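# Observations on the model geometry
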Amino acid sequence: MASFWQNIKVIIFKIFKWDPEAATKRKLLAQIYRSLKTISPPFYKAQGNEVLPGFAKAVFTLFQNLLFLNEILSRTLYHSDSYTAQKFWDFLIEVHLSEDDRVKKADFTYQNIKEKISASSSTHNTLGDIQKRFNDYINLFTTSEFTVVNEHLNEISRLDALCRYHYLSLLSHFDPALALNKTPSKTNFKSIHGEDIINDLLDLYFILGKFNINKGIEKNFILIIERAMPAKSQMLKEKVNKIIQRLDKLLNRYLSPDNLLNLMKLIKSNPYFTANTDSENKNFIEKLITRKSNQFTRDMDQAKRQNNEETILKDLSELFEQDSLVEVKGYSRQESSYFVNSGLPPLNLVKPMAVVKTFLLSKYKDEARQAIKKLLFESFYESKDFQKVFTESYHQSESLFLKLEEFENSLITEEKGSIAMVTKYIQDQINGKKINVDLSSLVDKINKSAAKTLEDQVNTFHGLAQSLKSILEDARNKNPKLISNIKTIGGNRNSELIGQILQIQKDLYALIKIMKNFTVIHNPVEEMRAPQG
């Protein structure tokens, strides 16, 4: 039961409409108001809930001081050419390695990897050694020093966001005639109602809430200037130093996060008002490690493929008895060279894809298909299980022509992820158009599609070769157990048919011997060796 005095207090509060919570709120707002009144020129006037010209002048001064820093960023870290920009980000990270460690990355380029493999007597051991040394190099970026480097790069990222803030949207409330695309000779800022700019203030606070102008920014700008503009470095470094000092004063005395938040609390008449800040940290170091690892993997794979291509020259000449291969439309040396010259990964399966296409057109298209078809449909099968396997192998090999055509069409069509579209994106970049597409990833996807197509083609031929192998071995028995009429299926020319089948099998084995250097052979029964006639 409420006490007598508690009841009296309730009655008094009702009589005088005294709300203790509202009183506390008014007291807190008064304290916030007094703290903002110490700023000169003043920011806020309670009467009319007005934000004053002094605040607009501070924001305008911020904009002016950021112009030069923004110019340097747009020429380096935020260059319109993403490749150029990435070089500067990598530089700001790699510069923290020792000089001896910095030169190590040259060991892991495609050319150096290829030379080491070519000069090696043991490819396997050489590849293992290169991989180990690359892992040791990458681990250099995982030390505590690079945690600090990553923090400093995040402040650069926030600085760029501050440079790109929509100043005109905010300042035009104070001066509708203001134009920021040219240097104004004078401004004519007027007081405005606070609620008119609350959304702009929220956006500005989001950036400035966690921003620290003294956290590595000047040091990184000096590094960039020395790298990109060495001839003017001393003058530019002095200019940056003065700008950083002015920004430090501005952002800590006038446009500090506390002052911005207090201004919004007064506008909202809510001392408990809070706002979000950009608290997310990007992991620049992890991105560099991932990018370098992906590039190293691509270069290692390319070097191994190139080495394999050089070792199969004799086998190729024996299989095709000709020098030229028929390249896949849209997946040729020409497109690959164009990509590499544009700073992209190569098309890394051009030759093996061309080998399979050449085999289809020169070795399997006509007589070979007819011979296998005759063997398939005119045989008396003693083993229904074998008949099923052989039939499936035949039909899968027949579908390879259509699948190759579909793959070629997917490359030349103007759809995202095709060779044609990557080429278009490259041309757009050359013409100065900004694209929001990771072209390296697109090329990687195309190569993965080619790898899947190649794997399917080769393993289809592997299955057919295994079926033919079983038939020819069984035919040597007095009483064949797979095809009972194998010795007479060709009539008077049975030996000719068997000879054709034997040659087809030899060609298939020769193809698979070559292609096992480039793809995975599923369920190999035994090491493939060409059969003897």
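Residues numbered from 1 in each chain as written. Predicted model: local features only at pLDDT ≥ 70, side-chain atom pairs only at ≥ 80, totals over all residues. Heavy atoms only, no water.

## Comments concerning the overall build of the chain
The helix and strand inventory of the chain stands at 23 helices and three strands. Relative to the globule expectation of 24 Å for 533 residues, the C-alpha radius of gyration of the chain, 37 Å, shows a markedly less compact shape. With respect to the principal axes defined by its C-alpha atoms, the chain has extents near 120 × 75 × 45 Å. Within the chain, the proportion of its 533 residues that are buried is 44%. Considering only contacts within the chain whose residues lie at least 6 apart along the sequence, 76% involve residues at least 24 apart. Accessible surface, the chain: about 29,300 Å² in total, of which carbon and sulfur atoms supply 49%. Side chains of the chain give 74 positive and 64 negative charges; the mean places of these two sets differ by 7 Å. (Helix = DSSP H or I, 4+ residues; strand = E, 2+ residues; numbered from the N terminus. Rg over C-alpha atoms; globule rule 2.2 N^0.38 Å. Buried < 20%, exposed > 50% of the residue type's maximum accessible area, 1.4 Å probe, protein only. Contact = heavy atoms within 4.5 Å. Areas by Shrake-Rupley, 256 points an atom, 1.4 Å probe, with all protein chains shown as cover. Lys, Arg positive; Asp, Glu negative; His and termini not counted. Charge placed at Lys NZ, Arg CZ, Asp CG, Glu CD.)

## Focus: the side chain of D474
Residue placement: D474 occurs in helix α22 (residues 439-475). One polar contact links the side chain of D474 to the main-chain amide nitrogen of K481, over a distance of 2.9 Å. Here L482 takes part through its backbone nitrogen, which lies 2.9 Å from a polar atom of the side chain of D474. Beyond its immediate chain neighbours, meaning those up to four positions away, D474 contacts P480, K481, L482 and I483. (Polar contact = N/O pair within 3.5 Å; in protein donor to acceptor, adjacent residues only side chain to side chain.)

## A few points about unusual backbone geometry
Here S40 and P41 are connected by a cis peptide whose omega angle stands at 0 degrees. Take P41: it is sitting in the loop between α2 (20-37) and β1 (44-45). The backbone phi angle of S269 is positive, close to 55 degrees, even though this residue is not glycine. For S269, the position within the fold is in the loop between α13 (257-268) and α14 (284-311).

## Focus: the environment of V437
Along the chain, V437 turns up in the loop between α21 (419-430) and α22. In the structure, V437 is positioned 358 residues away from H79 in sequence and 15 Å away in space, judged by C-alpha atoms. If sequence neighbours within four positions are ignored, V437 has contacts with Y425 and L442.

## What about empty space enclosed by the protein?
Taken as a whole and judged by the stated rule, the model has one cavity of 30 Å³ or more. Its boundaries defined by the atoms lining it, the largest cavity holds a volume of some 40 Å³. At the level of secondary structure, the elements contributing two or more residues to the lining of the largest cavity comprise α8 (144-163) and α11 (217-228). Residue contributions to the lining of the largest cavity peak at three residues, all from α8. Within the lining of the largest cavity, the residues separate by chemical class into two nonpolar, three polar and one charged. (1 Å grid on protein atoms, 1.4 Å probe; cavity = no way out; pocket = protein on both sides within 12 Å on 5 of 7 lines; lining within 4 Å. Points joined across faces, edges and corners; volume = space filled by probe spheres on them. Nonpolar A, V, L, I, M, F, W, Y, C, P; charged D, E, K, R; others polar.)

## Observations regarding the sheet that holds β1
Spatially, three strands are ordered β1-β2-β3 in an open sheet, and the strand pairing comes out antiparallel. The outermost strands of the open sheet, each flanked by one partner alone, are β1 and β3 (192-193). Judged from the two bridges that link them, β1 and strand β2 (residues 50-51) form a sheet pairing that is antiparallel. Along β2, the bridge assignment pairs K45 with E50. (Pairing = 2+ DSSP bridges.)

## Remarks on the pattern of salt bridges
Under the defined criterion, the tally for this structure stands at 24 salt bridges. The salt bridge involving E408 is made with K357; its shortest N-O contact spans 2.7 Å. Remark: K357 occurs in helix α17 (residues 350-362) and E408 occurs in helix α20 (residues 400-412); sequence separation between them is 51 residues. Given a relative accessible area of 8%, E408 falls into the buried group. Residue K357 is classed as buried on the basis of its relative accessible area of 8%. The network of salt bridges with common partners includes E94, K105 and K292. (Salt bridge = Lys/Arg side-chain N within 4 Å of Asp/Glu carboxyl O.)

## A word on the confidence of the model for the chain
Of the residues in the chain, 94% have a pLDDT of 70 or more, and the chain-wide mean is 88. Within the chain, helix α1 (residues 4-16) has the poorest average pLDDT of any element, 57, and helix α10 (residues 198-208) the best, 96. This model gives residues 526-533 a pLDDT under 50, and the stretch forms 18 contacts once residues within four places in sequence are excluded. (pLDDT = per-residue confidence, 0-100.)

## Quick notes on α10
Taken together, the buried positions of α10 are I198, D200, L201, L204, Y205, I207 and L208. As for α10, its buried residues are in contact with α3 (53-75), α8, α9 (167-171), α12 (233-254) and α13.

## Some details on the packing of α3 against α8
Relative to each other, α3 and α8 sit at 120 degrees, their axes nearing to 9 Å. Taken together, the axis directions place α3 and α8 in an arrangement best described as oblique. Relative to α8, α3 is oriented so that their crossing is left-handed. Counting all contacts with α3, which are made through L62, L66, L69, N70 and L73, the residues of α8 involved are I156, L159, D160, L162 and C163. Class assignment for the residues of the contact of α3 with α8 results in eight nonpolar, one polar and one charged. (Axes fitted to C-alpha atoms, helices over the stretch in contact; angles between N-to-C directions. Parallel < 35°, antiparallel > 145°, perpendicular 65-115°, else oblique. Left-handed = near helix turned anticlockwise from the far one by under 90°.)

## Some thoughts on the packing of α17 against α22
Here α17 crosses α22 at 40 degrees, and the two axes come no closer than 10 Å. Accordingly, the angle class assigned to the pair α17 and α22 is oblique. The interaxial crossing formed by α17 with α22 has left-handed handedness. Here P352, M353, V356, F359 and L360 of α17 lie close against α22, whose contacting residues are A450, T453, L454, Q457, V458 and F461. For the contact of α17 with α22, the per-class residue count stands at nine nonpolar, two polar and no charged.

## Side note on the nonpolar core
Within the largest apolar cluster, 90 residues are counted, with the highest numbers of intra-cluster contacts made by F55, L69, Y167 and L255. If one sorts the elements of this core by residue count, α3 sits on top with twelve residues. Setting aside anything within four residues of it in sequence, one finds L69 in contact with L159, F221, V240, I243, I244 and L247. Ranked by size, the runner-up nonpolar core spans 67 residues in total, among them Y331, I435, V443 and A465. (Core = buried A, V, L, I, M, F, W, Y, C linked by side-chain atoms within 4.5 Å.)

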